Each structure stands twice: as C-alpha cells, then as structure tokens.
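The primary structure of each chain is shown beneath.
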Amino acid sequence: GDQLLREVGLRLRQCVRNGDTVSRVGGDEFIVLCPGCQSMEDAALLAEKVLQSLGQPYQLADKQLVVTASIGIALYPDNGTDANTLIGNADSAMYLAKEHARNNCQFYSPELNQRNLERLQLEQHLHQALDHREFVLFFQPKVSATSGALIGAEVLMRWKDPEVGLVLPGRFIPLAEETGLIQPLSDWLLEETCAHLARWRRLGLPPLPRSINLSRRQLQSSGFVDRLLSTLARYDLSPSALELELNEQMLSPDFTHQCAVLTQLHEAGFRLTIDDFGTGFSNLNGLRHLPLSALKIHQSFVHELGSEPTALAVIDAIIALAHALGIETIAEGVETAAQRAILQRHGCDGMQGYLVATPMDETQFLHWQREYDTPQG
Ligand code: C2E
Ligand code: MG
Ligand code: MG
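Residues numbered from 1 in each chain as written. Chains lettered and ligands numbered in written order. Predicted model: local features only at pLDDT ≥ 70, side-chain atom pairs only at ≥ 80, totals over all residues. Heavy atoms only, no water.

1. Thoughts on the overall build of the protein
Piece 1. Along the protein, the regular secondary structure elements total 14 helices and 15 strands.
Piece 2. Its C-alpha atoms give the protein principal-axis dimensions of roughly 80 × 45 × 45 Å.
Piece 3. Looking at the protein residue by residue over its 377 residues, the buried ones come to 42%.
Piece 4. Placing the 30 positive and 46 negative side-chain charges of the protein at their respective mean positions leaves the two points 4 Å apart. (Helix = DSSP H or I, 4+ residues; strand = E, 2+ residues; numbered from the N terminus. Buried < 20%, exposed > 50% of the residue type's maximum accessible area, 1.4 Å probe, protein only. Lys, Arg positive; Asp, Glu negative; His and termini not counted. Charge placed at Lys NZ, Arg CZ, Asp CG, Glu CD.)

Below, the structure is given as structure tokens:
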C-alpha cells in the first residue's frame, strides 16, 4: 500500500507544473493545488493528464497493479474563495465522479450542494428512524408456478416516516449502504424477522421459509455467519427457516472470499439465492462453484414477456442454466395471468409478484395466508 501511494504521489508531481502543490490528505486522497490554472479547460486538461498517468499499470515488487482515480474539481473564485470551501466543494465533485464510473473527473456545481444537503438530511433522518424504531417488515409470498402452493415469503423493509408515510427501500437502502447504516439496519431486520418467525410458530402456523436480502457489507463483515447463527439460536430457530438473497454485484470483486462465506452458510443449512439474476454481468464460471438453491429472474425480463422476444430468450436460457446446475428458478414481478402462463409453460419453478400478492405488513399477510386458496392453473 505504501509503495503504491508513493508511486501515485510521484506520478502526480510529474503531471503538474512548478508552483503547483501536490499533497496527500489521508487514506487514498490527494489534493492538487494549481494557482496557474486559468479556466475550466485548463483544469480539464490537467485532470485528463492525471487520469492517463495514474491509469498506467504499477509494477510493485513482483506484482502488476492497475488502479483508477476519481477527480473532483473546484475553481477559484467561482466555487469558493477560501481553502475550506474549495476543498469541500472539490470533495463533493469527487463523490459525484465516484458514482459515475471509476476513472473520470467532475466539476463542482451549486446543484451538487443542494443534493448533498438532501443526502445529509436523509442520513440524519435515517439515524433517528433507527432510534425511534420506524422501520417495519413487509412480506411478499412466493408460490409454486405449477401448483400455486405457498412456498415461502420474502421479507422487504419499509420505513414508516411519521411525516412522509411509507418509504420504499430504493429511497434509503443505497444511502444506508454508503454510510454504513446498513449494518445496524440489517441487524435489526434479522432480529425482527426471527421474532416474527418465533411468534408465528407459537401461533401454530406451518413453517414457511422467509427470504431476507443481504447487503454487501454484511457479507464482508467478519463474524457474520456466527452472528447469524447466534441470533437464530436465541429464538430457537434453525437455518432452514431462512433463505438468503444476494445479488451478483455483491460477489465481486472479492469472489474467493465471498465464495468461502457462502459455502460456510450453505454448510450451516441456509438456502442461498441469487437475486435479480441476469442484470449484473454474471460470472458464470464462479456461479457453478457456488452452493445455490435458486436463481431469481429479474422482473425486467418478466415485464417484457409478450412484447420483446429477447426477454423470453433470456428467461429460457436462465431456466435451462439453473436446471442444468440442479437449482430452481423464481420469477420476480409477475403481474399478469399471461406472464404466469408463459412462465409455467417454459418450466419456471416459482413466482412472486402482484398477481399473487403485493408486499403486506404482518396483519395483512396473516390474513392473506388464511384466505389463500391454491389457484388452479
Ligand atoms: P428485491 O429483493 O429484488 O425485491 C423485489 C422488489 O420488487 C420489491 O421492491 C417488491 O416490492 C417489488 N415487486 C414485487 N412484486 C412486484 C410486481 O409484481 N411488480 C413490480 N413492479 N414490482 C414488484 P421493494 O420492496 O421496493 O424493494 C426493492 C429492493 O430493495 C429489493 O429488491 C432489495 O434489493 C432491497 N431491499 C428490500 N428490503 C431489504 C432489506 O431488508 N435489506 C437489504 N439489504 N435490501 C433490501
Ligand atoms: Mg430480494
Ligand atoms: Mg429482485
């Protein structure tokens, strides 16, 4: 690490002119101060040169490394007249660059500040929401595509904001992931799911596996498997009560490590499912080594059934792949009887979607479960 940082510093110094300043502010962040830069064009040219230079492979000891950089640019005096403001604004622009794609540069703009402010407020709200226990679990049934029998339910998180009402995870999970809040949130979700399962068992309801969605952070955090097992044990539940959903993106870049964690989970008795399959550049070579139970077909393919012939081609291929590997397929987002009919005909094993039921809170779900008659066909 030290060697790499030194080499980066060296390359940065080669990119700038006399009178410019290169400094490292900590971790892997550097600041380049260029008093001679006269315009946006000047700054863009320099940034391009820096990206070029840093993008060349590094030869460290016996290893060759490739790293990418993200650059944020703030200009004096338009984007600030003191050091703190300029650095803060360059920092915001850098985060935007990171979001785009690696290896690019972005200029600061005042709208960025507005966006950051909103994110900051959302982050504060999320903290409070955790303290005030404003999160609730929703459940969406999974059924067999052939018999219609109930085979499980997915646990989906909702935020009951007292002012806004129900907030969907798309609004807060990505930020929670970025800020690390996903960790306490996921711990809470696991605890709460187990509490539900134990309650339902006391009510004498038949055991039905629940799927929970994992986040990348959980999979990477040390001791995750032990924590999972000890939480289940506290409620006297076995791992077969839980199915774990993870998406393809979560498996890269450290596939070997993730694979080891998944094997450990599998050996402990959990069912493992790949969520949103087909949307994340599947590593098929990796896939065949994973101890999986099912692939979930992303809803975008299901929604285009009947209008886009390529959608059915992809679904067919996913089903064939899954079955060849000896695992099941679950179609997500099934909304119409026509979609169900095609999926059944093409050998899909399970289904989930508004056609069967929308995600429901506990009371609604228990009511739905009592009323649910196995539909024919
Ligand atoms: P996902 O796991 O792929 O969940 C499926 C999403 O599709 C859910 O959105 C569900 O409400 C929605 N859906 C189900 N049936 C239909 C349908 O027929 N049509 C349409 N258009 N949509 C349908 P939701 O609840 O907004 O969750 C979005 C994503 O947020 C989830 O995608 C999951 O990745 C993530 N998420 C939800 N809860 C958690 C959680 O507790 N932890 C983590 N890490 N992620 C979660
Ligand atoms: Mg899911
Ligand atoms: Mg999904």
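Alright, that's what it looks like, and here's the rest.
2. Description of the packing of aromatic side chains
Piece 1. Using the criterion set out here, one finds 9 aromatic pairs in the structure.
Piece 2. Residues Phe135 and Trp159 carry aromatic rings whose centres are separated by 5.9 Å and whose planes lie at 35 degrees to one another, so their mutual orientation is tilted. Placement of the pair is Phe135 in strand S7 (residues 135-144) and Trp159 in strand S8 (residues 150-161), with a sequence separation of 24 residues.
Piece 3. Of the residues examined, Phe135 reaches a relative accessible area of 5% and is grouped as buried.
Piece 4. Summarising the aromatic geometry, the rings of Trp159 and Phe172 are spaced 5.9 Å apart at their centres and angled 90 degrees between planes, so their arrangement reads as edge-to-face. Residue Trp159 is located in strand S8, and its partner Phe172 is located in helix H5 (residues 169-179); the two are separated by 13 residues in the primary sequence.
Piece 5. According to the relative accessible area criterion, Trp159 is buried, its value standing at 3%. (Phe/Tyr/Trp six-rings, centres within 6.5 Å; stacked < 30°, edge-to-face > 60°.)

3. Points about the coordination of the magnesium ion (ligand 3)
Six octahedrally arranged donors around a metal ideally form angles of 90 or 180 degrees; four tetrahedrally arranged donors ideally form angles of 109.5 degrees.
Piece 1. Coordination of the magnesium ion (ligand 3) by the protein is provided by Asp275 (OD), Asp276 (OD), Glu332 (OE) and Glu332 (OE), with metal-donor distances spanning 1.9 to 2.7 Å.
Piece 2. Between the donor residues of the magnesium ion (ligand 3), the gaps in sequence give the motif D-D-x55-E.
Piece 3. A separation of 4.3 Å is found between the magnesium ion (ligand 3) and the magnesium ion (ligand 2), which share Asp275 as a coordinating residue.
Piece 4. Owing to a relative accessible area of 9%, Asp275 belongs among the buried residues under this scheme. (Donors = N, O, S within 2.8 Å, 3.2 Å for Na, K, Ca; no water.)

4. As for the side chain of Thr273
Piece 1. Of note, Thr273 is situated in strand S12 (residues 271-277).
Piece 2. Since its relative accessible area comes to 0%, Thr273 is described here as buried.
Piece 3. For Thr273, the side chain forms a polar contact with the side chain of Glu243, separated by 2.6 Å. (Polar contact = N/O pair within 3.5 Å; in protein donor to acceptor, adjacent residues only side chain to side chain.)

5. Some points on the packing of helix H3 (residues 83-100) against helix H4 (residues 110-131)
Piece 1. Direction vectors running N to C along H3 and H4 enclose 80 degrees, while the axes themselves pass 10 Å from each other. One finds that H3 runs roughly perpendicular with respect to H4. Contact residues: H3 offers Asn89, Ser92, Ala93, Leu96 and Glu99, while H4 offers Leu112, Asn113, Arg115, Asn116 and Arg119.
Piece 2. Split by residue class, the contact of H3 with H4 holds 3 nonpolar, 4 polar and 3 charged. (Axes fitted to C-alpha atoms, helices over the stretch in contact; angles between N-to-C directions. Parallel < 35°, antiparallel > 145°, perpendicular 65-115°, else oblique. Contact = heavy atoms within 4.5 Å. Nonpolar A, V, L, I, M, F, W, Y, C, P; charged D, E, K, R; others polar.)

6. Focus on the packing of helix H6 (residues 182-202) against helix H8 (residues 224-234)
Piece 1. At a minimum axis distance of 9 Å, the contact between H6 and H8 shows a crossing angle of 30 degrees. One way to sum up the angle between H6 and H8 is to call them roughly parallel. Regarding H6 and H8, the two cross each other, and that crossing is right-handed. Across the interface between the two elements, Gln183, Asp187, Leu190, Glu191 and Cys194 from H6 touch Arg227, Leu228, Thr231, Leu232 and Arg234 from H8.
Piece 2. Residue classes in the contact of H6 with H8 are distributed as 4 nonpolar, 2 polar and 4 charged. (Left-handed = near helix turned anticlockwise from the far one by under 90°.)

7. Brief notes about the pairing of strand S10 (residues 210-213)
Piece 1. Here 2 bridges tie S8 to S10, and the two strands are oriented parallel to one another. Bridge pairing links Ala153 to Arg210 in S10.
Piece 2. Sheet topology places S10 next to strand S11 (residues 242-247); 4 bridges connect them, and they run parallel. Across the sheet, the residue bridging to Asn213 is Glu245, located in S11. (Pairing = 2+ DSSP bridges.)

8. Quick word on the site of ligand 1
Piece 1. Taken together, 23 residues form the shell around ligand 1, and within it Glu154, Arg158, Asp275, Glu335 and Tyr354 come nearest.
Piece 2. One of the side-chain nitrogen or oxygen atoms of Glu332 is found 3.0 Å away from an oxygen atom of ligand 1.
Piece 3. For ligand 1, whose free accessible area comes to 800 Å², the fraction covered by protein is 84%.
Piece 4. For the shell around ligand 1, the secondary-structure elements that each account for two or more residues are S8, H5, S12 and helix H11 (299-303).
Piece 5. Element by element, the count of residues in the shell around ligand 1 is highest for S8, at 4 residues.
Piece 6. Residues of the shell around ligand 1, tallied by class, amount to 9 nonpolar, 7 polar and 7 charged. (Near = heavy atom within 4 Å. Areas by Shrake-Rupley, 256 points an atom, 1.4 Å probe, with all protein chains shown as cover.)

9. A word on the nonpolar core
In globular proteins that are soluble, nonpolar side chains generally tend to be buried together.
Piece 1. Core analysis: the biggest nonpolar cluster contains 74 residues, and Phe135, Leu244, Leu265 and Leu295 have the highest contact counts within it.
Piece 2. Top element by residues in this core is H6. It accounts for 8 residues.
Piece 3. Setting aside its immediate chain neighbours within four residues, Phe135 contacts Leu126, Ala129, Leu130, Met157, Arg158, Trp159, Phe172, Leu185 and Trp188.
Piece 4. One finds Leu4, Ala69, Ile73 and Leu75 within the second-largest nonpolar core, a separate group that totals 17 residues. (Core = buried A, V, L, I, M, F, W, Y, C linked by side-chain atoms within 4.5 Å.)

10. Notes on the coordination of the magnesium ion (ligand 2)
Piece 1. Protein ligation of the magnesium ion (ligand 2) involves Glu154 (OE), Asn213 (OD1), Glu245 (OE) and Asp275 (OD), the donor distances falling in the range 2.0 to 2.2 Å.
Piece 2. Sequence spacing of the donors to the magnesium ion (ligand 2): E-x58-N-x31-E-x29-D.
Piece 3. On the accessibility criterion, Asn213 (28% relative accessible area) is partly exposed.

11. Side note on the pattern of salt bridges
Piece 1. Going through the model one piece at a time under the given rule, you end up with 11 salt bridges.
Piece 2. One salt bridge connects Arg271 with Glu243, and the closest N-O pair in it is separated by 3.1 Å. Taken as a pair, Arg271 in strand S12 and Glu243 in strand S11 lie far apart in primary sequence, 28 residues in all.
Piece 3. By relative accessible area, which is 31% here, Arg271 ends up partly exposed.
Piece 4. With a closest N to O distance of 2.8 Å, Lys296 and Glu245 form a salt bridge. Here Glu245 lies in strand S11 and Lys296 lies in strand S13 (residues 294-297), a separation of 51 residues in the sequence. (Salt bridge = Lys/Arg side-chain N within 4 Å of Asp/Glu carboxyl O.)

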